[in-house]
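Structural characterization, general
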Amino acid sequence: MANNKRNGAPKFPTLSKEEYRRIFQDYRKKLENDKVKMTSTNQEKRAYISETESEDNTSSSSDASQPRYEKKRKVSAEKSDAGLSQYDDLPRIPYFGQLPNPREDVMGSFDLNAVIGAIQNEYPATDLEDYLNYYQKSNDQTLEEELNKDIEGFPATFYVVETNNVDLIKCWIQHGADPNITHGPRHFPLLAFAALRGAQTRDQATKTIETLLRLGASHEVIPHAYYDKCNRDLPSAGPDLEELEDIDEDGKQWCTEEALSRLASRLNVSQRYRLWQTSNERKPSGRERVLAERKGAEQVLGLHLTIIGQNTAAAMLKQSILINLALPRKKPLVLMFAGPSGHGKTELSNKLGDLLSLDIEKIDCTTYIRENELFGPRPPYSEYQQGSTLNNFLARNTGKRCIVFLDEFEKTGAEIHNTLLIPFDQGEYRDRRNAEKIDCTKTIWVLATNKFDPTIHAFCDANKEILSNLNAHSEHLRLQRQLCRQLRPQCAQDFGAPLAGRITEILPFLTFNTAEQAVVVDKYIGETEAMIGGPVKVAENPDNDKLVGNVHLKMLNDATICSAIGRDYYLPELGARSISRGVDQLITNPLVARYLESGEDFNDDQPASNFEVGINQQGEVEIWRSEDDPES
């Protein structure tokens, strides 16, 4: 799918205004006729459901003696009306090659059918943003009502989520679509639709669920037993009945036997982890939401859903950002990210920048010894006019919110520390090229360090049992606050009291527990699947070839596989990097080797290669060709 590229949409002939008007008038007449037929059909369905419910109320005493969850499942199976097949392929909405310019729209109003038709034909998210912005400025309330309407019997938002294009989904919901919209008499929720539909790759399917949860979709529509232990395999029919304690709650009318079984087969480890994260995170208060909206920082409320592990660090960072927005001061936000390599320090900074649409400058402090190397020489020294990477970044972003990420900050010396004192304390800096004052009060400074690794490793070892309990969120927060207090004097000792006193918050990054290790494995498997799943491309220039492609990977008992790789390869000193090596050795490399062993050549239209990954009798991860693979 073309993402955010105007030339990515298919080319169609341009229609005149008269042709456009006539085609849409005919199409609307058809919709009105279909609506009359649909109303009649729905009345028949309601009569049938009412009759079925009446029969249920007069059921035999033997039925009454069944466990209530079993009985509910039986009833759900009997009243399944159209079933899940209706969601396999939503209706195709006619598309005539382009959306009319809203400023010259011959129809004079927002046309939902035209927009959904365009979205089904790979309409770029940037163009959709422009289109919706126009109508939002004209009449925000009317646009919100339009986005939440049905088309051909399904909510318009279902069509957007069907694309699995997170940029389109984000744009649609941010302009007023309801992330908790439902469909049909069973109130089939949007989140369940996304989970059951899935996507071409695990990575894409996971990002869709993450996006919906970040934008306000409720995790409560999914039975808790599906994600309370994300690193265990689910039975093919779903969790046992006694585990489905919340199956009778509102919002779960859609949970038929068919739906629960398919849900168990579709949810991957990462999706279940994101559902668990949402269930354990405190919901933002009204004031927090209003503050974030007024400051254009709504996305930061879902920061915890962007990384694996480090839930407490993400919560502390989110709180620091909100406080800084609510009570702006001259002193900028200065954060120290402390923890072993490969545990999310860089990732969390990147995600914060993405969510807030901020420029970010990453500086590897191992390459700078003297302060004039980091900030640039002062006049009249040679080449002072060129400044430096950091100097020029601060100058470009004077008075703007931005991020400076100083990696391996422990490699810096007192000279650099002294130069940072005034920017950290007063939010001021002088451009080395012209001595002009630079306003960096809104700059977010992140100092990443491994300096306190021995203390953090000892903390994780001492509290291993409680940190492995994913549901002890408040206890985790208490322990990490305790660790922060322990790190403060160490920070003053290692970096000097003047600098340490200007650090707003120290955020400890802990080692991964067993569940988080499994999720990291699943993330890397998803990236491998995305890399090998696209089409083969044999280019004129061999450097532009993509010779490994059209490979499909099926995971058997993915939680067991991910847990096994995490257990055997995770090293606390290396973090995610050690897990990445394990995925390469056990899955990526053997998979590519098996792929290369078969076939005579590479072709753009070569048949798919289908593989399965599972655990063999010796308890080892193994790859084999699927029975339906052409080479089997």
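Residues numbered from 1 in each chain as written. Predicted model: local features only at pLDDT ≥ 70, side-chain atom pairs only at ≥ 80, totals over all residues. Heavy atoms only, no water.

It is worth spelling out the confidence of the model for the protein at this point. Taken residue by residue, the protein gives an average pLDDT of 86. The fraction at 70 or more is 85%. Residue range residues 1-14 is modelled with pLDDT below 50. Its contacts to residues more than four positions away, or to other chains, number 25 contacts. Between residues 35-80, whose pLDDT stays under 50, and residues either more than four places distant or in other chains, the model counts 40 contacts. (pLDDT = per-residue confidence, 0-100. Contact = heavy atoms within 4.5 Å.)

If you walk across this open sheet you meet the 5 strands as β6-β7-β10-β5-β11, and the pairing is parallel. Strands at the two margins of the open sheet, each flanked by one partner only, are β6 (360-364) and β11 (505-508). The average angle at which neighbouring strand axes cross in this sheet is 20 degrees, direction not considered. Both strand β5 (residues 333-338) and strand β10 (residues 443-449) contribute to a ladder of 6 bridges, which runs parallel. Paired with Val 334 across the strands is Trp 445, a residue of β10. Where helix α15 (residues 345-356) meets the sheet, it contacts β5, β6, β7 (402-407) and β10, and its direction lies at approximately 170 degrees from that of β7. (Pairing = 2+ DSSP bridges. Helix = DSSP H or I, 4+ residues; strand = E, 2+ residues; numbered from the N terminus. Axes fitted to C-alpha atoms, helices over the stretch in contact; angles between N-to-C directions.)

Now for the nonpolar core. With 99 residues, the main nonpolar core has Ile 116, Trp 172, Ile 222, Tyr 226 and Trp 254 as its most contacted residues. Here this core gets 8 residues from one element, more than from any other, and that element is helix α23 (residues 514-533). If near-sequence neighbours (up to four positions away) are discounted, Ile 222 is found in contact with Leu 191, Ala 192, Tyr 227, Asp 246, Lys 252, Trp 254, Leu 263 and Leu 275. (Core = buried A, V, L, I, M, F, W, Y, C linked by side-chain atoms within 4.5 Å. Buried < 20%, exposed > 50% of the residue type's maximum accessible area, 1.4 Å probe, protein only.)

Here we take up the pattern of salt bridges. Pairing between side chains of opposite charge can happen when the charged atoms of each approach one another. Tallied over the entire structure, the rule returns 24 salt bridges. We note a salt bridge from Arg 202 to Asp 558, for which the minimum N-O separation is 3.1 Å. Pair noted here: Arg 202 is in helix α10 (residues 202-214) and Asp 558 is in helix α24 (residues 558-569), with a separation of 356 residues, a long-range link. Taken together, the shared-partner salt bridges in this structure form one network comprising Arg 202, Asp 522 and Asp 558. (Salt bridge = Lys/Arg side-chain N within 4 Å of Asp/Glu carboxyl O.)

In this section: the sheet that holds strand β12 (residues 551-555). Across the sheet, 3 strands lie side by side as β12-β13-β14; this open sheet has mixed pairing. One side of each edge strand has no neighbouring strand; the edge strands of this open sheet are β12 and β14 (621-625). Neighbouring strand axes in the sheet, compared pairwise and without regard to direction, differ in orientation by 25 degrees on average. Sheet topology places β12 next to strand β13 (residues 609-615); 5 bridges connect them, and they run parallel.

Here His 219 is to be found in the loop between α10 and α11 (257-266). Apart from the residues within four sequence positions on either side, His 219 is in contact with Leu 191, Leu 213, Tyr 227, Leu 275, Thr 278 and Ser 279.

It is worth spelling out the pairing of β14 at this point. Side chains of β14 alternate between two faces, with Val 621, Ile 623 and Arg 625 buried and Glu 622 and Trp 624 left unburied. Where β13 meets β14, 5 bridges bridge the pair, whose relative direction is antiparallel. The residue bridging Glu 612 from the neighbouring strand is Trp 624, located in β14. In textbook terms, the turn of a hairpin is the stretch between consecutive antiparallel strands, and for β13 and β14 this stretch comprises 5 residues, one of which, Gly 619, has a positive phi near 80 degrees.

What follows is about empty space enclosed by the protein. With the rule as written, the count across this model stands at 1 cavity of 30 Å³ or more. As a volume, the largest cavity reaches approximately 40 Å³. Lining the largest cavity, in full, are Trp 276, Gln 277, Asn 280, Glu 281, His 304, Asn 311 and His 473. Counting residues per element, the lining of the largest cavity draws most heavily on helix α12 (residues 269-280), at 3 residues. Residue composition of the lining of the largest cavity, grouped by class: 1 nonpolar, 5 polar and 1 charged. (1 Å grid on protein atoms, 1.4 Å probe; cavity = no way out; pocket = protein on both sides within 12 Å on 5 of 7 lines; lining within 4 Å. Points joined across faces, edges and corners; volume = space filled by probe spheres on them. Nonpolar A, V, L, I, M, F, W, Y, C, P; charged D, E, K, R; others polar.)

In contact at an axis separation of 11 Å, helix α19 (residues 453-462) and helix α21 (residues 473-495) are set at 155 degrees when each is read in the N-to-C sense. Judged on the interaxial angle alone, α21 and α19 are roughly antiparallel. For the pair α19 and α21, the sense of crossing is right-handed. Taken together, the residues of α21 that come into contact with α19 (itself represented by Thr 455, Ile 456 and Phe 459) are Leu 479, Gln 480, Leu 483, Gln 486, Leu 487 and Gln 490. Among the residues forming the contact of α19 with α21, the class breakdown is 5 nonpolar, 4 polar and no charged. (Parallel < 35°, antiparallel > 145°, perpendicular 65-115°, else oblique. Left-handed = near helix turned anticlockwise from the far one by under 90°.)

Consecutive side chains along a regular strand alternate between the two faces of the sheet. Counting buried residues in β10 gives 7 out of 7 residues, a clear majority hidden from the surface. Residues of β10 alternate between two faces, with Thr 443, Trp 445, Leu 447 and Thr 449 on one and Ile 444, Val 446 and Ala 448 on the opposite face, all of them buried. Looking at chain direction, β7 and β10 are connected through 5 bridges and run parallel. Among the inter-strand pairings, Val 404 is bridged to a residue of β10, identified as Trp 445.

Relative to the assigned elements, Ala 259 resides in helix α11. Residues in contact with Ala 259, not counting those within four places in the same chain, are Leu 84, Leu 196 and Trp 254.

A separate point is helix α25 (residues 576-597). One turn of the α-helix equals 3.6 residues, which is why residues spaced by three or four share an orientation. Over its 22 residues, α25 extends 30 Å from the first C-alpha to the last, a length consistent with the 32 Å expected when each residue adds 1.5 Å. Most pronounced at Asp 584, the bend in α25 amounts to some 45 degrees. Residues of α25 that are buried make contact with α23, β12, α24, β13 and β14. A positive backbone phi angle near 85 degrees is found at Gly 599, which sits one or two residues after α25. (Expected span 1.5 Å × (residues − 1). Bend = angle between axes of the 7 residues up to and from the residue.)

Further remarks concern the packing of aromatic side chains. Going through the model one piece at a time under the given rule, you end up with 18 aromatic pairs. Relative to Phe 193, the ring of Tyr 87 lies with its centre 6.0 Å away and its plane at 70 degrees, an arrangement referred to as edge-to-face. Of this pair, Tyr 87 sits in the loop between α3 (68-78) and α4 (112-120) while Phe 193 sits in helix α9 (residues 190-197), and the two are 106 residues apart along the sequence. Judged by its relative accessible area of 7%, Tyr 87 falls in the buried class. Among the residues examined, Phe 193 registers a relative accessible area of 1% and is labelled buried. Taking the centre distance of 5.2 Å and the plane angle of 80 degrees together, the rings of Phe 110 and Tyr 135 count as edge-to-face. One end of the pair, Phe 110, is in the loop between α3 and α4; the other, Tyr 135, is in helix α5 (residues 125-138), with 25 residues separating them in the sequence. Since its relative accessible area comes to 10%, Phe 110 is described here as buried. You can call Tyr 135 buried: its relative accessible area is 11%. (Phe/Tyr/Trp six-rings, centres within 6.5 Å; stacked < 30°, edge-to-face > 60°.)

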